[in-house]
Amino acid sequence: MIITVASGKGGTGKTTVAVNLALSIGKTQVLDCDVEEPNSHTLLHPSDITSVIVTAPVPVIDSDKCTLCGKCAEFCQYNALFVGKKGVMVFEKLCHSCGGCALVCPEGAITEEERPLGDIHRSQIGPIKLVYGELRIGEPIATSVIRAVKGYIDPSAVNVLDAPPGTACPVVETMSDSDYLILVTEPTPFGLHDLSMTVDVVRTLGIPFGVVINRANIGDDGVEVYCRENGIPILLEIPFDRRIAELYSSGVPFVQEMPEWRDRFRELYEEIRRIVDGSR
Amino acid sequence: MVAGEVAVISGKGGTGKTTISSAFAYIAKSIVLADCDVDAPDLHILLHPEIEQTTDFIGSKVAVIDENLCTMCGICEAKCRFNAAHPPRIDPIACEGCGVCEFVCPARAIEMVDHKSGHVFRSRTFAGPMVHAKLIPGEGNSGKLVTEVRKLASTIAKENEAPIVLIDGSPGIGCSVIATVTGIRIGVIVTEPTLSGIHDMERVLKLLDQFRVRPMVIINKHDLNPENTEHIEAFCRNKGIEILGKISFDRIMTESMVAAKTLPEYAPDHPLTRLLQDMWARVEEVLAEVRTEH
């Protein structure tokens, strides 16, 4: 089973929900797909880490064969190639690794070489298997690193995915293939606005979803009204509690200090399990 | 004179970027605003822009198969690296518009067509002209859209002789943020004293360093964890990074947002408002310094 925790607005508590849910379930796998700013490890504190590099192919020009005809640059939709008077410049960070330039080159002067974009780290912390990706700083394209993290999904296990914020392609990349989506929001105009944008994405994907309202008592009832009017289930409300915020700030998942919440998360999991089993 | 761009960014989401940039927008005298968080824009909620002009954003092309010509040979599917070509259809969400399928199709059944992936708005607000955008949910190319927003904001600044473009950025360090910080003068990083806030701030600081942007740091909710706040202060001191200010945890921040108002208009006499006024004055001072350096 794949449960993805997403939000639209950043900082609503995706990582908090993902990690506390996983800890409450027990034997699970947490996959942090927010590869621009992964945070699950700041709550789970992995020690024994195995890492691998994520690479993507980029063009290499054989200047002996290249006739500077310019077909590669003309083909490239991402402006990653520039053909000058003396040679071809490759702007590797703009390359989407489509392989088109090598296909169109009439001289066979283009081959591809793997270039590192990010890193995947894996660790076992008690019953939790953590996998998190890290996009290297200065690299713009997160999707290949997200795909690499998702490569570690174990179909026989419970996989909890921590998604990046926003509603753009990295979020869709993370959400696709999920069995259920938990959308974490806060009861404020920002939370509501970004939740409704996320719901638009989710509806196009056709994945069942529900909402968790975090810091439930800080704002207004806009989110609740929106959910009621749109038939969206509110799965759980976590009140604002300075203690929860303080525990988070020091990297402590709050179910460890407030064990009564384990049952709440466990119930949340059972409910999701029922919905997913029912829709299969 | 070309306007100097100042962006409010954070790495980690939800640290208070929009609350702070909207307060700066209210305080600043002559600015143009740009909301570059194009896939979850929120600045308009506080600034109530009156839209004057809407432009379609064509972020990329997308492949379309003519089913009448497709022979189902499967070559496009074999060559597509984005798992988008499934003849006789193309998955428009997965398609990155590279054009490989069109090139390899022996039946010439595939065409690349312009793909609208968002809108750019030129608006008027009480705080000054504002450029904002909305990415159609699920679309890519947010970096390109950010660049469009910045371009239009700079054009307006030139027309109005506004010396500053104030940018509300997005979380993360990927394409949107890179497009936001390329060529700007100052990056104001809003962080919080949590382990994740510190982790994400360090990554975004490295990004600013790569792009040679002057960083300034605001520690929001500093009293939530004094020890971590000290850690951030020491870290910044060691790296020679200026702390623009520290904001204590205060419900007024959320209250003003719920009232759909910027903090200084909601609470003009609140100490936080005065603090934000001082911070903005300092940003303007540093901007003048940075301009003479260049």
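Residues numbered from 1 in each chain as written. Chains lettered and ligands numbered in written order. Predicted model: local features only at pLDDT ≥ 70, side-chain atom pairs only at ≥ 80, totals over all residues.

## Looking at the overall build of chain A
For step 1, the next point in the chain: If you tally the helices and strands in chain A, you get 10 helices and 11 strands.
For step 2, the next point in the chain: On the principal axes, the C-alpha backbone points of chain A span a range of 70 × 45 × 40 Å.
For step 3, the next point in the chain: Split into buried and exposed, the 280 residues of chain A put 51% on the buried side.
For step 4, the next point in the chain: Long-range contacts, defined here as pairs at least 24 residues apart, represent 75% of the contacts in chain A between residues at least 6 apart. (Helix = DSSP H or I, 4+ residues; strand = E, 2+ residues; numbered from the N terminus. Buried ≥ 20, exposed ≤ 12 C-beta atoms within 10 Å, placed from the backbone. Contact = placed C-beta atoms within 7 Å.)

## Side note on the confidence of the model for chain B
For step 1, the next point in the chain: For chain B, mean pLDDT is 96; residues scoring 70 or higher make up 100% of the total.
For step 2, the next point in the chain: This prediction of the complex comes with two scores: 0.95 for pTM and 0.93 for ipTM. (pLDDT = per-residue confidence, 0-100.)

## Section: the nonpolar core
For step 1, the next point in the chain: Of all hydrophobic cores here, the largest spans 159 residues; its most connected members are B:Val32, B:Val149, B:Val165, B:Leu166 and B:Val188.
For step 2, the next point in the chain: Beyond its immediate stretch of four places on either side in the chain, B:Val149 contacts B:Ala34, B:Cys36, B:Val38, B:Val120, B:Val131, B:His132 and B:Ala133. (Core = buried A, V, L, I, M, F, W, Y, C linked by C-beta atoms within 7 Å.)

## Brief notes about the packing of helix 7 (residues 189–205) of chain A against helix 8 (residues 222–229) of chain A
Residue and element names in this part refer to chain A.
For step 1, the next point in the chain: Running from N to C, helix 7 and helix 8 point in directions that differ by 25°, and their axes come no closer than 9 Å. Considering their axes alone, helix 7 and helix 8 lie roughly parallel with respect to each other. When helix 7 is examined against helix 8, the residues Pro-189, Gly-191, Leu-192, Leu-195 and Ser-196 are found in contact with a partner set consisting of Gly-222, Val-223 and Tyr-226.
For step 2, the next point in the chain: Partitioning the contact of helix 7 with helix 8 into residue classes produces 5 nonpolar, 3 polar and no charged. (Axes fitted to C-alpha atoms, helices over the stretch in contact; angles between N-to-C directions. Parallel < 35°, antiparallel > 145°, perpendicular 65-115°, else oblique. Nonpolar A, V, L, I, M, F, W, Y, C, P; charged D, E, K, R; others polar.)

## Notes on helix 1 (residues 17–27) of chain B
For step 1, the next point in the chain: In terms of burial, helix 1 of chain B is largely enclosed, as 11 of its 11 residues are buried.
For step 2, the next point in the chain: When we look at burial in helix 1 of chain B, the residues that qualify are B:Lys17, B:Thr18, B:Thr19, B:Ile20, B:Ser21, B:Ser22, B:Ala23, B:Phe24, B:Ala25, B:Tyr26 and B:Ile27.

## Some words on the pairing of strand 7 (residues 128–135) of chain B
Residues and elements named next belong to chain B.
For step 1, the next point in the chain: Across the 8 residues of strand 7, 8 count as buried, placing the element largely inside the fold.
For step 2, the next point in the chain: In this structure, strand 6 (residues 110–125) lies alongside strand 7, joined through 8 bridges in antiparallel fashion. The residue of strand 7 that forms the bridge with Arg-122 is Val-131.
For step 3, the next point in the chain: In this structure, the hairpin formed by strand 6 and strand 7 is closed by a connection of 2 residues. (Pairing = 2+ DSSP bridges.)

## Topic: the sheet that holds strand 1 (residues 4–9) of chain B
All names here are of chain B.
For step 1, the next point in the chain: With respect to topology, 9 strands assemble into an open sheet ordered 3-6-7-2-8-1-9-10-11, the strand pairing being mixed. Single-partner strands in this sheet number two, and they are strand 3 (50–65) and strand 11 (242–247). Pairwise comparison of adjacent strand axes, ignoring direction, gives a mean angle of 20° for this sheet.
For step 2, the next point in the chain: Bridge count for strand 1 against strand 9 (residues 186–191) is 4 bridges, and the pairing is parallel. What sits directly across from Ile-9, in strand 9, is Ile-189.

## A look at the sheet that holds strand 7 (residues 128–135) of chain A
Residues and elements named next belong to chain A.
For step 1, the next point in the chain: Strand order in the open sheet formed by 9 strands is 3-6-7-2-8-1-9-10-11, and the pairing between neighbours is mixed. Strand pairing shows two members of the sheet lacking a second neighbour, strand 3 (50–61) and strand 11 (234–238), which therefore form its edges. Each strand axis lies, on average, 20° off the axis of its neighbour in the sheet, ignoring direction.
For step 2, the next point in the chain: In terms of strand pairing, strand 3 meets strand 6 (residues 110–125) through 12 bridges, oriented antiparallel. Across the sheet, residue Ile-53 finds its bridge partner in strand 6, namely Asp-119.
For step 3, the next point in the chain: Packed on one face of the sheet, helix 10 (residues 260–279) meets strand 1 (2–6), strand 9 (180–185) and strand 11 and runs near 165° to strand 11.

## Brief notes about the pairing of strand 11 of chain A
All names here are of chain A.
For step 1, the next point in the chain: Where strand 10 (residues 209–214) meets strand 11, 4 bridges bridge the pair, whose relative direction is parallel. The residue of strand 11 that forms the bridge with Val-211 is Ile-234.
For step 2, the next point in the chain: As a crossover connection, the stretch from strand 10 through helix 8 into strand 11 is right-handed. (Right-handed = clockwise from strand over helix to strand, strands pointing away.)

## As for the domain arrangement of chain B
For step 1, the next point in the chain: On domain assignment, one finds that chain B holds domain 1 (4–48 + 126–293) and domain 2 (60–116).
For step 2, the next point in the chain: The C-alpha centroid of domain 2 of chain B is placed 40 Å from the C-alpha centroid of domain 1 of chain B. (Domains from an automatic or database assignment.)

## Remarks on helix 10 of chain A
All names here are of chain A.
For step 1, the next point in the chain: Along its 20 residues, helix 10 runs 30 Å from first to last C-alpha, staying within 8% of the 28 Å computed at 1.5 Å per residue.
For step 2, the next point in the chain: Among all positions of helix 10, only Phe-265, Leu-268, Tyr-269 and Ile-272 are buried. Taken end-on, helix 10 shows its buried residues confined to a sector of 95°, consistent with a single buried face. Exposed side of helix 10, more than 90 degrees from the buried face: Glu-260, Asp-263, Glu-270, Arg-274, Asp-277 and Gly-278 are the residues found there.
For step 3, the next point in the chain: Looking at the buried positions of helix 10, the neighbouring elements they touch are strand 1, helix 1 (14–25), strand 9 and strand 11. (Expected span 1.5 Å × (residues − 1). Arc of directions from axis to C-beta.)

## Overview of the interface of chain B and chain A
For step 1, the next point in the chain: If you look at the interface, chain B gives 52 residues, while chain A gives 50 residues.
For step 2, the next point in the chain: For the side of chain B that touches chain A, the secondary structure elements donating two or more residues are strand 3, helix 4 (100–104), helix 5 (142–160), helix 6 (175–181), helix 7 (195–210) and helix 9 (252–258) of chain B.
For step 3, the next point in the chain: Among the elements that take part in the side of chain B that touches chain A, helix 7 of chain B stands out by supplying 8 residues, more than any other.
For step 4, the next point in the chain: Partitioning the side of chain B that touches chain A into residue classes produces 20 nonpolar, 22 polar and 10 charged.

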